[in-house]
Amino acid sequence: MQITEKTYDWAYPLTPRSVTTHLVLHHAGASRATAAGIHAYHLSKGWAGIAYHYFVAKDGSVTRGRPENTRGAHTMNWNYCSIGVCFEGNYEAEEMPAAQRDAGRALIEDIRNRYPTIVVCRHCELGQTSCPGRNFPFSQLVASAEPARDAEQDGTPAAWAKSACDAAVARGIFKGDGGDFRWHDPVTREELAVILERAKEN
Ligand SMILES: [Zn+2]
């Protein structure tokens, strides 16, 4: 993940943030925007400076705003526990370019790797606003960035199912292909029929 680091002159010191439960997605609301421009605008509002932690431009470049472990100023009542990402553009009216979408997806994935239980949401889900706009491709940004399944979980049954799985193997109901029982795969009707027949026999 390539992030352009930037040095900002903050109007006053930023507050550290120790809780991180939400990742809030915003649009700039303007067709053309830059991290520097947003910083200047937010200073003019009397804030410390740029309110977001990341800025994703239409060309796919990602610029850091506030350090990730500090409090943002992007979502009223949620700044104590959230990371804020701003996307250049007005997605009430425009469609997001592919480069920006890909960069946003990678950034979300990157943040999710660091905070596996973080809830990704749009600003409008947490407050009275249309941000990030009706055309904002939320599901495309989030879907492919689902957290990767735990490597350990892939080969072994979950704790709650372990004894039943062991018993099914011992009875010959499941026969692993080279020890691979594909415990997390769905069962087809064909496989189910075989399982039921084996269960009768054994
Ligand atoms: Zn917003």
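Note on numbering: residues in each chain are counted from 1, in written sequence order. For this predicted model, a pLDDT threshold of at least 70 governs which residues receive local features, and a threshold of 80 or more governs which side-chain atom pairs are given and counted, while totals over whole chains, interfaces and linings are taken from all residues.

(A) How the structure looks around the domain arrangement of the chain. Note that the domain bounds were set by an automatic or database domain assignment. Parsing the chain into structural domains produces domain 1 (22–143) and domain 2 (151–201). Its C-alpha centre places domain 1 at a distance of 43 Å from the equivalent point of domain 2.

(B) Region of interest: the sheet that holds strand E5 (residues 119–122). A pair of strands is considered paired only if DSSP assigns at least 2 bridges between the two. Starting at the N terminus, helices and strands are each numbered in turn, a helix being any DSSP run of H or I of at least four residues and a strand any DSSP run of E of at least two. Ordered by their spatial adjacency, five strands build an open sheet running E3-E2-E4-E1-E5, and the pairing between neighbours is mixed. The open sheet terminates on both sides in strands that have one partner only, identified here as strand E3 (62–64) and E5. Mean inter-strand twist for the sheet, computed between neighbouring axes without regard to direction, equals 25°. Both strand E2 (residues 54–56) and E3 contribute to a ladder of three bridges, which runs antiparallel. When the sheet's bridge partners are listed, Phe55 is paired in E3 with Thr63. Those strands touched by helix H2 (residues 98–114) are strand E1 (22–27), E2, E3, strand E4 (82–87) and E5, and its axis lies near 155° from that of E2. Axes here mean lines fitted to C-alpha atoms, for a helix over just the part in contact, with angles spanning 0 to 180 degrees between N-to-C directions. Residue pairs are scored as contacts if the distance between their C-beta atoms, which are placed from the backbone, is within 7 Å.

(C) Expanded view of the environment of Gly179. Looking at the element boundaries, Gly179 is found in the loop between helix H5 (162–170) and helix H6 (189–201). Spatially, the C-alpha atoms of Gly179 and Ser44 are 64 Å apart, while their sequence positions differ by 135 residues.

(D) Local environment of the pairing of E4. The exposure label follows from counting other C-beta atoms within 10 Å of a residue's C-beta, where the C-beta atoms are placed from the backbone and the thresholds are 20 or more for buried and 12 or fewer for exposed, leaving partly exposed in between. With respect to burial, E4 is a largely interior element, six of its six residues being buried. A two-sided burial pattern is seen for E4, the buried positions comprising Ser82, Gly84 and Cys86 on one face and Ile83, Val85 and Phe87 on the other. Looking at chain direction, E1 and E4 are connected through six bridges and run parallel. Note on E4: the bridge partner recorded for His22 is Ser82. Looking at chain direction, E2 and E4 are connected through three bridges and run parallel. Each bridged residue has a counterpart across the sheet, and for Val56 the counterpart in E4 is Phe87.

(E) Layout of the pairing of E1. Of all the six residues making up E1, five are buried; the element is thus mostly covered by neighbouring parts of the structure. Of the pairings in the sheet, the one linking E1 to E5 comprises four bridges and is parallel in character. Looking at the pairing, Val24 lines up with Cys121 of E5.

(F) Representation of the environment of Thr129 within the structure. When you line up the elements, Thr129 lands in the loop between E5 and helix H3 (138–143). Among the residues examined, Thr129 registers 15 C-beta atoms within 10 Å and is labelled partly exposed. Sequence separation between Thr129 and Leu107 is 22 residues, and the spatial gap between their C-alpha atoms is 23 Å.

(G) A look at the nonpolar core. Put simply, a nonpolar core is a cluster of buried Ala, Val, Leu, Ile, Met, Phe, Trp, Tyr and Cys residues tied together by C-beta atoms within 7 Å. In terms of nonpolar packing, the biggest core is built from 25 residues, with Phe55, Val56, Val85 and Leu107 touching the most fellow members. Elements represented by at least two residues in this core include exactly E1, helix H1 (35–44), E2, E4 and H2. Residue contacts for Val85: discarding those within four places in its chain leaves Leu23, Leu25, His26, Tyr52, His53, Tyr54, Val56 and Leu107.

(H) Structural context of H2. The span one expects for a helix is its residue count, reduced by one, times 1.5 Å. Spanning 17 residues, H2 covers 25 Å between terminal C-alpha atoms, matching the ideal 24 Å at 1.5 Å per step. What H2 keeps buried is the set Gln100, Ala103, Gly104, Leu107, Ile108 and Ile111. Along the axis of H2, the buried residues cluster in a sector spanning 135°; they form a single face. On its buried face, H2 sits against E1, E2, E3, E4, E5 and H3. The reported arc concerns the directions from the helix axis to the C-beta atoms and nothing else.

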